[in-house]
Amino acid sequence: MCWSAEADLVAGAGIAAVGVACVVRAGRARDLPLAALPLLLGVHQMVEAAVWASDGGTGPATLAWTVIALPLLALWLPAGVLCAVPPGARRRLLVPLAVGAVTATVLAYVLATRTVLAEVRGRTVGYVVDLPHAPLLIAGYLVATVGSLLLSGDRGLRRLGAVIAVGALVCWGLWRLEFVSTWCAFAAVCSVVLLGWVNGRRARPAVRPS
């Protein structure tokens, strides 16, 4: 992932296939948003292959990749977790959902009014956009995405959240300028954990909050 157009295509196709399996095997309609996450992230990796093919720049592939990575995921993930958990666990998830909604709104506005530039930097891609109050937006983004998983009360989702949180720290430390690209690739690979979560949901009647 992130190493070349071919790597993104192969990884994206594999992750998307896992996403299809998750959707097919999802036993409850309220699990579908989370079950479809690997499918979305697989397509996301394939979109980045188009960014590689165009040697970065500011074209449609760059904008599409950034829309999925930033505002869409900031809202999709906390909303999906909220749908999947039982009613008793939903109150504590309202905070990451609200933070995600505000963060997604600001990010969508930024992407609609400012240019996004993709830069191929060796074996990674960096996405450059002039974010206002960038540390605050990044914090809000992580609260919405990682925070919703950690607060879900579901063992499998908390495990996924912990792994993605560690991955975020590693990606930030090793590839700070390409953080968004490398973290999204890491999250895409980790999202295959959701197939096990979906299978587990089929085997038990409900998720117990903790």
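Residues numbered from 1 in each chain as written. Predicted model: local features only at pLDDT ≥ 70, side-chain atom pairs only at ≥ 80, totals over all residues. Heavy atoms only, no water.

Colleague: Explain the overall build of the chain to me, please; I cannot follow it from the model alone.
Modeller: Across its full length, the chain holds nine helices and two strands. N-terminal to C-terminal, the α/β element order of the chain is α-α-α-α-α-β-β-α-α-α-α. A total of 210 residues make up the chain; the buried ones form 47% of that total. Nonlocal contacts in the chain, meaning residues at least 24 apart in sequence, comprise 71% of its contacts between residues at least 6 apart. (Helix = DSSP H or I, 4+ residues; strand = E, 2+ residues; numbered from the N terminus. Buried < 20%, exposed > 50% of the residue type's maximum accessible area, 1.4 Å probe, protein only. Contact = heavy atoms within 4.5 Å.)

Colleague: I keep staring at the packing of aromatic side chains and nothing clicks. Help me out?
Modeller: Working definition: an aromatic ring pair is given by the centre-to-centre distance plus the angle between the planes. Summed over the entire model, instances satisfying the criterion amount to one aromatic pair. For the ring pair Trp65 and Tyr127, a centre distance of 4.0 Å and an interplane angle of 0° mean the geometry is stacked. One end of the pair, Trp65, is in helix α4 (residues 60-84); the other, Tyr127, is in strand β2 (residues 124-128), with 62 residues separating them in the sequence. (Phe/Tyr/Trp six-rings, centres within 6.5 Å; stacked < 30°, edge-to-face > 60°.)

Colleague: What exactly am I supposed to notice about the side chain of Asp8 here?
Modeller: Note on placement: Asp8 falls in helix α1 (residues 5-25). Accessibility expressed as a relative area gives 0% for Asp8, which makes it buried.

Colleague: In this structure, what is going on with helix α6 (residues 134-150)? I would like to understand it.
Modeller: In an α-helix, one turn spans 3.6 residues; hence positions three or four apart end up facing the same way. In this model α6 runs 23 Å from its N-terminal to its C-terminal C-alpha over 17 residues, within 8% of the 24 Å that 1.5 Å per residue would give. Its axis deflected by about 30° at Val143, α6 carries its strongest bend there. Of the residues making up α6, those classed as buried are Leu137, Gly140, Tyr141, Ala144, Thr145, Val146, Gly147, Ser148 and Leu149. (Expected span 1.5 Å × (residues − 1). Bend = angle between axes of the 7 residues up to and from the residue.)

Colleague: When you look at the nonpolar core in this model, what are you seeing that I'm missing?
Modeller: A general feature of soluble globular proteins is that nonpolar side chains tend to end up buried together. With 43 residues, the main nonpolar core has Leu34, Leu37, Val51, Val81, Leu149, Ile164 and Trp197 as its most contacted residues. Per-element tally for this core: the top contributor is α4, with eleven residues. With residues near it in sequence (within four places) discarded, Val51 still touches Gly56, Ala61, Thr62, Trp65, Ala118, Val125 and Tyr127. (Core = buried A, V, L, I, M, F, W, Y, C linked by side-chain atoms within 4.5 Å.)

Colleague: What is the right way to read the environment of Trp52 from this model?
Modeller: Among the secondary structure elements, Trp52 is positioned in helix α3 (residues 37-53). C-alpha of Trp52 to C-alpha of Ala118: the two residues are 66 residues apart in sequence and 9.0 Å apart in space.

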